[in-house]
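Observations on chain architecture
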Amino acid sequence: MAWTWFHRLGSPPWIYHFAGRVLRYLLPLTLLMLCVGAVWGLAFAPPDFRQGNSYRIIYIHVPVSVVALAGYYVMAIAGAVSLIWRMKVADLMMRVAAPIGAGLTLLALVTGAVWGKPTWGTWWVWDARITSMVILLFLYIGVYALYEAYDNKTLAAKACAILSLVGTVNIPIIYKSVDWWYSLHQPASIKFTGGTTIDPSMLYPLLLMISAVYALYVCLLLLGLRAGLIDSESTTNWVKREVLGEH
Amino acid sequence: MLFQCRDLSVFRGERYLLTSLSWQVLGGEVWQIRGENGSGKTSLMRCMSGLAPQSFEGDLTRTDSLLYLGHKAGVKADLTVLENLRLQLGGSLSEDSADWLQALDYVGLSPFVDEFAYRLSAGQCRRIALARLLCTTAKLWLLDEPLTAIDTLGVRLIEQQIDRHIARGGAVVYTSHQALELTAPARVISLRGEGGRPDVD
Amino acid sequence: MSTSLFTKVVHRQLLLAFRRPAALLNPLTFYAVVIALMPLGLGPERQVLADFAPGLLWITALLASLLSAETLLRSDYDDGSLEQIVTSGGSVYLAALGYVISHWLITGLPLMLLVPLFSQLLSMPTEGVLALVASIGVGTLLLSALGTLGAALTVALRRGGMLISLLLLPLEVPVLILGAGLVERAISGLAIQGLLSILIGLAVLAVTLVPIAIAASIRISLEV
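What counts and what doesn't
- Residues numbered from 1 in each chain as written.
- Chains lettered and ligands numbered in written order.
- Predicted model: local features only at pLDDT ≥ 70, side-chain atom pairs only at ≥ 80, totals over all residues.
- Helix = DSSP H or I, 4+ residues; strand = E, 2+ residues; numbered from the N terminus.
- Contact = placed C-beta atoms within 7 Å.
- Rg over C-alpha atoms; globule rule 2.2 N^0.38 Å.
- Buried ≥ 20, exposed ≤ 12 C-beta atoms within 10 Å, placed from the backbone.
- Expected span 1.5 Å × (residues − 1).
- Nonpolar A, V, L, I, M, F, W, Y, C, P; charged D, E, K, R; others polar.
- Pairing = 2+ DSSP bridges.
- Axes fitted to C-alpha atoms, helices over the stretch in contact; angles between N-to-C directions.
- pLDDT = per-residue confidence, 0-100.
- Left-handed = near helix turned anticlockwise from the far one by under 90°.

Okay, the overall build of chain A next. Each helix and strand counted, chain A has eight helices and zero strands in total. Counting from the amino terminus, helix and strand elements in chain A follow one another as α-α-α-α-α-α-α-α. Long-range contacts, defined as pairs at least 24 residues apart, comprise 79% of the intrachain contacts of chain A with a sequence gap of at least 6.

Set out below in structure tokens:
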């Protein structure tokens with residue numbers, strides 16, 4: 001029973017249609033969650049005690065940062081599946097996850113800067129979280145660059161799988177050491193991810209946004225996967241039927 | 001049984017070079033892989049030697065006792081001729097220095113034993129690679145275009161070594177544009193190119 | 001195979017480095033030149049240089065390691081030696097380990113011995129010298145492991161170029177942080193055993209596990 005499922009996962013047309021069915025429901029749901037969450041957080045949630053209204057950007061910054069980091073693990077797991085079971089779909093998923101993750105990391109950095117300006121007066125601060133995000137961005141770019149440098153895409157996927165697996169082991173080490181580094185050089189006070197508990201009225205929209213961005217990630221991944229499948233299987237019959245014939 | 005494949009398909013990128021090959025190489029056999037340029041001879045050799053695990057589908061088993069001689073000679077320019085044999089990384093060479101000296105003598109490189117390989121001509125470097133044939137303990141030889149840059153004397157030498165190896169129960173698979181005259185004539189695998197099924201002798 | 005691939009690779013790499021000392025001298029010369037550039041860029045004020053010395057010495061070590069990583073496997077790839085390793089039936093893991101260890105012996109060990117001299121060019125307080133030697137010695141082991149991995153992933157690429165730096169530098173950040181941090185702690189008079197053991201632990205982990213990835217990468221590169 002489990003094997004047929006697994007075999008189906010390796011079949012491009014099946015994945016294509018399965019992804020399509022999931023997207024039909026997930027995409028509107030995601031957009032709904034994003035709208036509700038964004039409006040709730042950016043407009044209706046109460047202003048923060050210390051930071052006033054400028055803190056609201058965290059409703060975008062925090063979810064995006066969380067998913068950007070999780071996305072690297074998704075990419076690495078897809079790579080591991082590709083290495084162990086030689087599945088073309090896993091190759092594709094890894095290749096699609098890289099730019100999505102990089103884009104999210106970039107968005108996290110930009111929203112972090114937007115947060116920084118009113119809070120600390122500068123566009124950029126090398127604190128632990130942001131520094132780790134910058135390194136994560138370079139890790140993503142590295143995987144993408146390695147993929148593009150190989151002509152043979154099967155080999156490219158294998159090489160990127162190895163790189164992202166090494167990166168995966170390294171990421172906790174990087175985060176821990178950056179935290180330690182920051183605590184060494186930290187100026188007196190600034191501690192925005194402080195020990196204070198978050199009020200529920202702020203927590204709920206945040207959780208909603210985090211779920212929404214996760215859902216958005218899955219949507220983007222599936223959309224990219226479908227596009228990639230059409231591209232790489234463009235000479236097969238099922239693609240021709242799909243593009244020209246019934247929809 | 002030194003090499004066996006079942007339903008082997010070799011591809012390069014999106015293109016299949018050959019499909020559904022079922023083949024066996026036993027001790028005492030010589031095989032020649034024939035085909036036009038680009039028909040997949042080298043790719044098949046590389047799959048057989050374990051250099052291209054991502055480029056084929058199907059079952060493939062091969063002995064570990066292997067000597068592979070490909071387009072790259074595996075000769076290090078900054079080492080001397082003798083060191084190139086002593087520190088050879090592959091090909092299951094004998095560990096006895098007497099064997100190496102004898103082999104180098106046989107291929108006519110005795111005067112150059114302590115010469116750096118970068119001082120030698122391409123043909124002489126190729127002969128270092130050939131010297132390996134004389135002091136290897138490997139049972140299966142995979143030779144891809146072994147006659148490249150070899151003069152007539154060298155060709156005769158290779159033929160003799162192959163004969164000797166076969167007589168001892170080893171096996172040889174080779175590709176070559178030139179004909180080799182061997183005591184036991186080689187069986188042939190013809191690659192037709194365009195991803196077809198090869199003809200096995 | 002009575003002599004293992006590890007021994008053979010180390011023997012070859014050391015012999016070749018002896019024959020062509022450029023492999024050993026180039027990274028050291030690069031290091032010296034870059035250190036000499038620091039006062040030219042930062043001003044000759046001794047206190048400034050001394051303050052930045054641990055970080056500068058460590059960043060330069062990273063850059064020098066990148067330089068030597070690029071050509072690490074190039075010649076063995078070009079002349080077919082890597083092919084011989086993979087077809088030999090021996091352990092490619094051991095060969096990879098051999099490349100890592102020999103790279104450290106040729107680039108990390110000499111740097112470890114010379115870095116006290118470089119540290120004085122930047123007027124670094126002498127309390128930090130022992131910590132510097134220890135951190136560079138252990139840290140370059142990590143850099144050799146990662147550098148060999150980067151080399152194995154890119155050796156078959158025609159337009160490798162800057163790619164190896166992009167791949168390796170993010171992964172090497174913890175080494176930089178721990179290495180420089182160790183030296184600064186020593187200068188401030190604090191104990192460094194804890195940090196040093198972490199660095200040693202990471203190095204041991206890297207040296208035992210990264211060759212697995214290196215072996216896989218070598219196989220991929222040979223198939224390109």
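This part takes up the overall build of chain C. Secondary structure assignment for chain C yields nine helices and zero strands. Walking chain C from its N terminus toward its C terminus, one meets helices and strands in the order α-α-α-α-α-α-α-α-α. Taken against the 2.2 N^0.38 rule, which gives 17 Å for 224 residues, the C-alpha radius of gyration of chain C at 18 Å falls within 12% of a compact globule. Projecting the C-alpha coordinates of chain C onto the three principal axes gives extents of approximately 55 × 35 × 30 Å. Counting all 224 residues of chain C, 53% fall into the buried class. If you take every contact in chain C between residues at least 6 apart in sequence, the share linking residues at least 24 apart comes to 83%.

One full turn of an α-helix is made of 3.6 residues, so residues set three or four places apart face in the same direction. Residues and elements named next belong to chain B. If you check helix α4 (residues 122-134), its first and last C-alpha atoms are 19 Å apart, about what 13 residues at 1.5 Å a residue would give, namely 18 Å. Most of α4 sits inside the fold, with 10 of its 13 residues counted as buried. Listing the buried residues of α4 in full gives Cys125, Arg126, Arg127, Ile128, Ala129, Leu130, Ala131, Arg132, Leu133 and Leu134. In this structure, the buried side of α4 is in contact with β5 (66-69), α2 (81-86), α3 (97-106) and α5 (152-167).

Right, let's get into the environment of Ala215(A). All names here are of chain A. Looking at where alanine 215 falls in the secondary structure, it is placed in helix α7 (residues 200-232). Its 19 C-beta neighbours within 10 Å are what place alanine 215 among the partly exposed residues. For the pair alanine 215 and leucine 27, spaced 188 residues apart in sequence, the C-alpha separation works out to 8.2 Å. When sequence neighbours within four positions are dropped, the list of residues in contact with alanine 215 reads Leu26, Leu29, Thr30 and Met33.

Opposite the 25 residues of chain B that make contact, chain C presents 23 residues. Tallied by class, the residues present in the side of chain B that touches chain C amount to 10 nonpolar, 10 polar and five charged.

With 24 residues of chain A in contact, the opposing surface of chain C contributes 20 residues. Residue assignment for the side of chain A that touches chain C shows that the elements contributing at least two residues are α5 (128-149) and α6 (153-185) of chain A. Ranked by the residues each element gives to the side of chain A that touches chain C, the list is headed by α6(A), at 14 residues. The residue makeup of the side of chain A that touches chain C, split by class, is 18 nonpolar, five polar and one charged.

As a rule of thumb, non-glycine residues mostly have phi less than zero, and peptide bonds are mostly trans rather than cis. Residue and element names in this part refer to chain B. With a phi close to 55°, aspartate 7 is a non-glycine residue in the positive phi region. Mapped onto the secondary structure, aspartate 7 falls in strand β1 (residues 3-12). Given 12 C-beta atoms within 10 Å, aspartate 7 falls into the exposed group. With a phi angle near 50°, glutamate 145 is a residue other than glycine that sits in the positive phi range. Mapping glutamate 145 onto the fold places it in the loop between β6 (140-144) and α5.

Moving on, we get to the sheet that holds β1(B). Residue and element names in this part refer to chain B. Read from one edge to the other, the open sheet built from three strands follows the order β2-β1-β4, with strand pairing classed as antiparallel. Since the sheet does not close on itself, it has two edges, and those belong to β2 (15-25) and β4 (56-62), each with one partner. The mean angle between the axes of side-by-side strands here comes to 20°, regardless of whether they run parallel or antiparallel. With six bridges connecting them, β1 and β4 associate as antiparallel partners. Each residue of the ladder has a partner; that of phenylalanine 3, found in β4, is arginine 62.

On to the confidence of the model for chain A, then. Keep in mind that low pLDDT regions are not for reading the predicted coordinates in detail. Residue and element names in this part refer to chain A. When pLDDT is averaged across chain A, the result is 84; 87% of the residues are at 70 or more. Per-element confidence in chain A is highest for α5, whose mean pLDDT is 93, and lowest for helix α1 (residues 2-9), whose mean pLDDT is 64. Contacts of residues 188-192 to residues separated by more than four positions or lying in other chains number one contact, the stretch itself having pLDDT below 50.

Let us now look at helix α1 (residues 5-19) of chain C. Residues and elements named next belong to chain C. Look at α1: 21 Å from first C-alpha to last across 15 residues, which is about the 21 Å you get at 1.5 Å a residue. When α1 is considered as a whole, its buried residues turn out to be Leu5, Phe6, Lys8, Val9, Val10, Arg12, Gln13 and Leu16. Packed against the buried residues of α1 are α5 (81-87) and α6 (92-121).

Moving on, we get to the sheet that holds β5(B). Residue and element names in this part refer to chain B. Spatially, the six strands line up as an open sheet ordered β5-β6-β7-β3-β8-β9, and their pairing is mixed. In the strand order of this sheet, the two ends are held by β5 and β9 (199-200), each with one partner. By the bridge criterion, four bridges tie β5 to β6 in an arrangement that is parallel. Bridge assignment links tyrosine 68 to a residue of β6, and that residue is leucine 142. Relative to the sheet, helix α1 (residues 41-49) contacts β3 (30-35), β5, β6, β7 (171-175) and β8 (187-191), its axis offset from that of β6 by approximately 150°.

Residue and element names in this part refer to chain C. Relative to each other, helix α3 (residues 46-70) and helix α7 (residues 129-154) sit at 30°, their axes nearing to 9 Å. α7 is crossed by α3, and the crossing has right-handed handedness. Here Leu57, Ala61, Leu62, Ser65, Ala69 and Glu70 of α3 come into contact with α7, specifically with Leu132, Ile136, Thr140, Leu143, Gly147, Gly150 and Ala151. Tallied by class, the residues present in the contact of α3 with α7 amount to eight nonpolar, four polar and one charged.

Moving on, we come to the pairing of β2(B). Two faces, one strand: in a regular strand the side chains alternate between the faces of the sheet. Residues and elements named next belong to chain B. Two strands pair when backbone bridges link them, and β1 and β2 are joined in this way by seven bridges, in the antiparallel orientation. Across the sheet, residue valine 10 finds its bridge partner in β2, namely leucine 18. What sits between β1 and β2 in their antiparallel hairpin is a turn of two residues, with glycine 13 showing a positive phi close to 65°.

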